[in-house]
Amino acid sequence: QVQLVESGGGLVQAGGSLRLSCLASRGTASNFFMAWFRQAPGKEREFVAAISRSGDSTGYADSVKGRFTISRDNAKNTVSLQMNSLKPEDTAVYYCAARLFAAWGPLMQRHSWYNYWGQGTQVTVSS
């Protein structure tokens, strides 16, 4: 099965940018529907962004729309999340998630729908 390894987290000031990367170290990247979730202490894991297997379709939570961009490079087995205009409320552990052979649909916003997860990377936005 696919193994997901995340990187790119860190500390940034409000208004700054970070780019997160998720490397699928095993498996064929084009077979997986991919997404990013985030979780702050004491809060539910929440949907951030998703991308179809081909990369043709993307979707975003309202809270990040216009600021974050999800992309993928299936040749390199990577999925990225470009985060611009960061706010303190974006502070959380960010997780890469995948589901095999999945199609676009409303369940993509549910964390329980995904089969595979990365270890998470901490993003801290200072005010």
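Everything here concerns the structure above.
Residues numbered from 1 in each chain as written. Predicted model: local features only at pLDDT ≥ 70, side-chain atom pairs only at ≥ 80, totals over all residues. Heavy atoms only, no water.

A. Just unusual backbone geometry, in detail. Here Asn77, not a glycine, exhibits a phi torsion of approximately 60°, which is positive. One can find Asn77 in the loop between β7 (68–73) and β8 (78–83). At Ser85, a residue that is not glycine, the phi angle is positive and equals roughly 50°. (Helix = DSSP H or I, 4+ residues; strand = E, 2+ residues; numbered from the N terminus.)

B. Looking closely at the pattern of salt bridges. Counted by the stated rule, this structure contains four salt bridges. With a closest N to O distance of 2.9 Å, Asp90 and Arg38 form a salt bridge. In this pair, Asp90 sits in the loop between β8 and β9 (92–100) while Arg38 sits in strand β4 (residues 32–39), placing the two residues 52 residues apart along the sequence. Comparing Asp90 with Arg38 shows no difference in burial state: the two are buried. Lys65 serves as the salt-bridge partner of Asp62, at 3.3 Å between the closest nitrogen and oxygen. (Salt bridge = Lys/Arg side-chain N within 4 Å of Asp/Glu carboxyl O. Buried < 20%, exposed > 50% of the residue type's maximum accessible area, 1.4 Å probe, protein only.)

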